[in-house]
Amino acid sequence: MSIPVSDAHAASYRARQVPAPVQVADGVWGIPIPLHGSALRYVTVYLVDTGDGPVLVDAGYDHPTCWTSFRRSVESLGHRVEAITTVLLTHNHPDHVGFAARLREVSGARIVMGRADDFATAHRTRGTFLAQLRAALDLTGAPADVVDGMYADAVAVAEHHETLRLDVALDADTEFRFGDVTIHAVPAPGHTYGHTVYFDARGLVFTGDTMMAEGPTQLAIVSRPDDDPAGDLLRSLARIRDLGATVACPAHQFPYRDVAARADELAAFHRGEVDRVRDLADADADADAWTLAPRMPWRKPWDDLGRGTRRFSLMHTLALLRHVSR
């Protein structure tokens, strides 16, 4: 089990409560943003005080309550939202990019994210999120009525505006200097294809959704023939392990200390998933994601999973099977 930076923060998470802002290191605060109506309960963004002004990692949901909560928390820490100079986005999911454009309007902050997660780029190379999802569902081998139902569920809950414009699109490792603070952007695909982690040279790594304190990483949607998010994730975890970070700052759950050990633990878990799928596929040459998913060890038996959780599990299985087939 990961070692929390703040026992109180971790205890709030385990009690299914929204924690108070937490100081992770000198000049670095984790700010939980409540997600009303979401099973996630909150997403944590990080404020980094630098000689060139505050820098923000991730930007919550685009919802008035998220924006209000964020402003209040920043002010309680003695900072001003209008002073934020840069927003470093780990990836393009709506609970991470939400109010980035609004923040740019009020502060003039530049917005940074991996190019593969840039919406304009993704639309040209992959299509919209829903188009990618539909393509992936069609690859699973699920019956047509199941595919239609899962897709309809996704359409009903999707709040993915996909209009955010970037100021900086990252193509490779990139160093940012903010006064006396140096932050390295490190590509870390797996959860999405343009996922980026940010390594503060003082020993912190902002991991987005790549590496939580507990539990597995949800793999990216497979929609193109060359996609291999499981392989991407295993390589990303090795990179994170070797950064030399002493504190990991994930977007969910809680910040923790045993970074290299957690990276190895998570990689071993996902290699075990790959081995499980390989064994099942070797025993059944006609196996597809739909037939394999119910035989995977989820937190609950397949028949007890809700349709939304089944969709995530099916997408995850498809990604594992793609890795095995490669």
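Just above, that's the structure.
Residues numbered from 1 in each chain as written. Predicted model: local features only at pLDDT ≥ 70, side-chain atom pairs only at ≥ 80, totals over all residues. Heavy atoms only, no water.

Engineer: Summarise the packing of helix 9 (residues 259-283) against helix 11 (residues 307-325); cite the residues concerned and give the values.
Structural biologist: Remark: helix 9 packs on helix 11, axes separated minimally by 9 Å, with the N-to-C direction vectors making an angle of 75°. Classified by the angle between their axes, helix 9 and helix 11 sit roughly perpendicular to one another. Contact residues: H270, E273, V274, V277, R278 and A281 in helix 9; H316, L320, L321, H323 and V324 in helix 11. Class assignment for the residues of the contact of helix 9 with helix 11 results in six nonpolar, three polar and two charged. (Axes fitted to C-alpha atoms, helices over the stretch in contact; angles between N-to-C directions. Helix = DSSP H or I, 4+ residues; strand = E, 2+ residues; numbered from the N terminus. Parallel < 35°, antiparallel > 145°, perpendicular 65-115°, else oblique. Contact = heavy atoms within 4.5 Å. Nonpolar A, V, L, I, M, F, W, Y, C, P; charged D, E, K, R; others polar.)

Engineer: Can you tell me about the sheet that holds strand 2 (residues 28-34), naming the residues and giving the values?
Structural biologist: If you walk across this open sheet you meet the seven strands as 1-2-3-4-5-6-7, and the pairing is mixed. The open sheet has two edge strands, strand 1 (22-25) and strand 7 (168-170), and neither has a second partner. The sheet shows a mean angle of 25° between the axes of neighbouring strands, direction not considered. Two strands pair when backbone bridges link them, and strand 5 (residues 86-88) and strand 6 (residues 110-114) are joined in this way by three bridges, in the parallel orientation. (Pairing = 2+ DSSP bridges.)

Engineer: Describe the side chain of T86, with residues and values.
Structural biologist: If you trace the backbone, T86 turns up in strand 5. Separated by 3.3 Å, the side chains of T86 and R110 make a polar contact. If we skip the residues at most four places from it in the chain, T86 touches P54, V55, L56, A109, R110, V112 and F178. (Polar contact = N/O pair within 3.5 Å; in protein donor to acceptor, adjacent residues only side chain to side chain.)

Engineer: So what's going on with the pattern of salt bridges? Residues and values would help.
Structural biologist: Counted according to the given criterion, the structure contains 21 salt bridges. In this structure, the salt-bridge partner of R134 is D138, at a minimum N-O distance of 3.6 Å. Here R134 and its partner D138 are both found in helix 6 (residues 129-139), four residues apart, which amounts to about one turn of the helix. Assessed through its relative accessible area of 26%, R134 is described here as partly exposed. Where D173 meets R239, a salt bridge forms, and the shortest distance between an N and an O atom there is 2.7 Å. Placement of the pair is D173 in the loop between strand 7 and strand 8 (174-178) and R239 in helix 8 (residues 229-241), with a sequence separation of 66 residues. A network of salt bridges, in which partner residues are shared, links R104, R165 and D167. (Salt bridge = Lys/Arg side-chain N within 4 Å of Asp/Glu carboxyl O. Buried < 20%, exposed > 50% of the residue type's maximum accessible area, 1.4 Å probe, protein only.)

Engineer: If you had to explain the sheet that holds strand 10 (residues 196-200) to someone new, which residues and values would you point to?
Structural biologist: If you walk across this open sheet you meet the five strands as 8-9-10-11-12, and the pairing is mixed. Every other strand in the sheet has two partners, leaving strand 8 and strand 12 (247-250) as the edge strands with one partner each. Put simply, the sheet's adjacent strands are angled 25° from each other on average, direction ignored.

Engineer: Break down the nonpolar core for me, citing the residues and quoting the values.
Structural biologist: As a rule of thumb, nonpolar side chains are buried together in soluble globular proteins. Ranked by internal contacts, the top residues of the largest apolar core, which has 53 residues, are L137, V205, M211, V259, L314 and L320. Counting only elements with at least two residues in this core, the list comes to helix 1 (7-14), helix 6, helix 7 (144-157), strand 10, helix 8, helix 9, helix 10 (289-292) and helix 11. Considering each element in turn, this core owes the most residues, eight residues, to helix 9. V205 has contacts with V197, Y198, F199, L243, A245, V247, A248, C249 and V259, leaving out every residue within four places of it along the chain. Membership of the second largest hydrophobic core comes to 27 residues, among which are I33, L56, F70 and L89. (Core = buried A, V, L, I, M, F, W, Y, C linked by side-chain atoms within 4.5 Å.)

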